[in-house]
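# What the coordinates show
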Amino acid sequence: MPTINAQCAGTNSYILADVPSASRVIGRSAVRMKVIMAPIEMIAWFDIPGTPRPIRFRHDGNVVKVELIKRISEEKIAGNRMKVYECQSEVHGLMKHFQLKYEVNTCKWFLYKI
């Protein structure tokens, strides 16, 4: 079967020509999130090297349990180090993707995107 080179969310994925739908494409899915950058109250634990792991947080009176941390990265903007956590949780019966940021110098947590 011939293959077709297809661009899928910034990755090169190969799709067989007889695939009837794009649901069989393997790759990263594009999730649209709104940037809010709101300070939040967080409960977290720290491992031996000192990396924080979020457990649950409160935003607008709602408590959200962090069910899955998909990726942890670090960024530095204007000399300010921040750890970025890409997470997902069930909120009001729907699976939501969101990003949390931890400001290393001030030890503050932010809900960056949801």
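One structure accompanies this document, and this report is about it. Just so it is clear, the structure is predicted and the values come from calculations on it, not from any experiment.

### Things to note about the overall build of the protein chain
Per the secondary structure count, the protein chain includes zero helices and ten strands. Seen in sequence order, the protein chain has helices and strands lined up from the N terminus as β-β-β-β-β-β-β-β-β-β. For the protein chain, with 114 residues in total, the buried portion stands at 26%. Taking the contacts inside the protein chain whose residues are at least 6 apart along the sequence as the reference set, 29% of them involve residues at least 24 apart. Surface accessibility of the protein chain: about 8,100 Å² in total, with carbon and sulfur atoms responsible for 52%.

### Side note on the sheet that holds strand β5 (residues 52-59)
With antiparallel pairing, three strands are arranged side by side in an open sheet as β4-β5-β6. Sheet topology places β4 (41-46) and β6 (62-65) at the edges, where each strand pairs with a single neighbour. In this sheet, adjacent strand axes meet at a mean angle of 20° when their direction is disregarded. Relative to β5, β4 is paired through six bridges, and the arrangement is antiparallel.

### Focus on the pattern of salt bridges
Opposite charge on two side chains permits them to pair, given that their charged atoms come into close proximity. Scanning all chains against the criterion turns up six salt bridges. Between R53 and D47 there is a salt bridge; the shortest N-O distance is 3.6 Å. Since its relative accessible area comes to 26%, R53 is described here as partly exposed. Ionic pairing is found between K101 and E75, a salt bridge with its closest N-O pair at 2.4 Å. One end of the pair, K101, is in strand β9 (residues 94-103); the other, E75, is in strand β7 (residues 68-77), with 26 residues separating them in the sequence. Residue K101 is classed as buried on the basis of its relative accessible area of 5%. E75 sits in the partly exposed class, given a relative accessible area of 25%. One network of salt bridges, in which partners are shared, links E74, R81 and K83.

Thresholds, definitions, all that
- Residues numbered from 1 in each chain as written.
- Predicted model: local features only at pLDDT ≥ 70, side-chain atom pairs only at ≥ 80, totals over all residues.
- Heavy atoms only, no water.
- Helix = DSSP H or I, 4+ residues; strand = E, 2+ residues; numbered from the N terminus.
- Buried < 20%, exposed > 50% of the residue type's maximum accessible area, 1.4 Å probe, protein only.
- Contact = heavy atoms within 4.5 Å.
- Areas by Shrake-Rupley, 256 points an atom, 1.4 Å probe, with all protein chains shown as cover.
- Pairing = 2+ DSSP bridges.
- Axes fitted to C-alpha atoms, helices over the stretch in contact; angles between N-to-C directions.
- Salt bridge = Lys/Arg side-chain N within 4 Å of Asp/Glu carboxyl O.

In short, the description is geometric, and any link to function would need to be established separately.
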